[in-house]
Amino acid sequence: MPYLVSGTNEYGSSNLGRGTAKVALRLARKLLREGYMDVRVCTPRGRVLQPNELDELEPSQESDMAKGQQRGNREAKKPKKEKAKVIAAAPSRKDAAWQPDLGPAKKR
């Protein structure tokens, strides 16, 4: 439970943990509507947010995209150089290079 929502009412205090910022924000606003005082949200990094700072927890529109749809730091990548595909089973199309004829080899 990375987010801790706490509040105090006439009967005592409540400390409730929530897994995401969206759910913690919803709970904090509910506690405020029900008349709780001193409503606070503690983030996973230890920052304590007061009721006037709760809007900072709202997720931005960019983070709603799936991981595969997000762009990296580099907007455009350099295109790869195209290579000619070589089939290993196909014979070489290169012309055979000329080699000099040295004549019959002598045996000793």
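Residues numbered from 1 in each chain as written. Predicted model: local features only at pLDDT ≥ 70, side-chain atom pairs only at ≥ 80, totals over all residues. Heavy atoms only, no water.

(A) Summary view of the environment of Val23. Of note, Val23 is situated in helix α1 (residues 21–33). Overall, Val23 belongs to the partly exposed group, its relative accessible area being 30%. Through-space distance from the C-alpha of Val23 to that of Tyr3 is 9.0 Å; in sequence the pair is 20 residues apart. (Helix = DSSP H or I, 4+ residues; strand = E, 2+ residues; numbered from the N terminus. Buried < 20%, exposed > 50% of the residue type's maximum accessible area, 1.4 Å probe, protein only.)

(B) Examining the pattern of salt bridges more closely. In the structure shown here, the tally under the stated rule is three salt bridges. Put simply, Arg29 and Asp55 hold a salt bridge, and the shortest N to O gap is 2.9 Å. Residue Arg29 is found in helix α1, and its partner Asp55 is found in the segment after β4 (48–49); the two are separated by 26 residues along the sequence. Taking the relative accessible area as the measure of exposure, Asp55 reaches 53% and is therefore exposed. With a shortest N-O distance of 3.1 Å, Arg40 and Asp38 are connected by a salt bridge. Residue class for Arg40 comes out partly exposed when judged on its relative accessible area of 34%. (Salt bridge = Lys/Arg side-chain N within 4 Å of Asp/Glu carboxyl O.)

(C) Local environment of the sheet that holds strand β3 (residues 37–42). Taken in spatial order, the four strands line up as β2-β1-β3-β4 in an open sheet, and their pairing is antiparallel. Because the sheet does not close on itself, it has two edges, and the strands there are β2 (12–18) and β4. Sheet analysis places strand β1 (residues 3–9) next to β3, joined by four bridges and oriented antiparallel. Bridging across to β3, Ser6 finds its partner in Arg40. (Pairing = 2+ DSSP bridges.)

(D) Quick peek at unusual backbone geometry. Phi is positive for Asp38, close to 55 degrees, though the residue is something other than glycine. Along the chain, Asp38 falls in strand β3.

(E) Just the nonpolar core, in detail. Among the nonpolar cores identified, the biggest contains 14 residues, and Tyr3, Val5, Ala28, Leu31, Val41, Leu54 and Leu57 are the most heavily contacted of them. Elements supplying a minimum of two residues to this core: β1, α1 and β3. The greatest single-element share of this core, amounting to six residues, is contributed by α1. When near neighbours in sequence (up to four residues on either side) are disregarded, Leu54 contacts Leu25, Ala28, Leu32, Val41 and Leu49. (Core = buried A, V, L, I, M, F, W, Y, C linked by side-chain atoms within 4.5 Å. Contact = heavy atoms within 4.5 Å.)

(F) Inspection of the pairing of β1 at higher detail. Among the seven residues of β1, five are classified as buried, and the element is accordingly described as predominantly covered. Here β1 runs beside β2; their pairing, made up of seven bridges, is antiparallel. From the neighbouring strand, Leu4 faces β2, where its bridge partner is Gly17. Where β1 folds back onto β2 in an antiparallel hairpin, the turn is made up of two residues.

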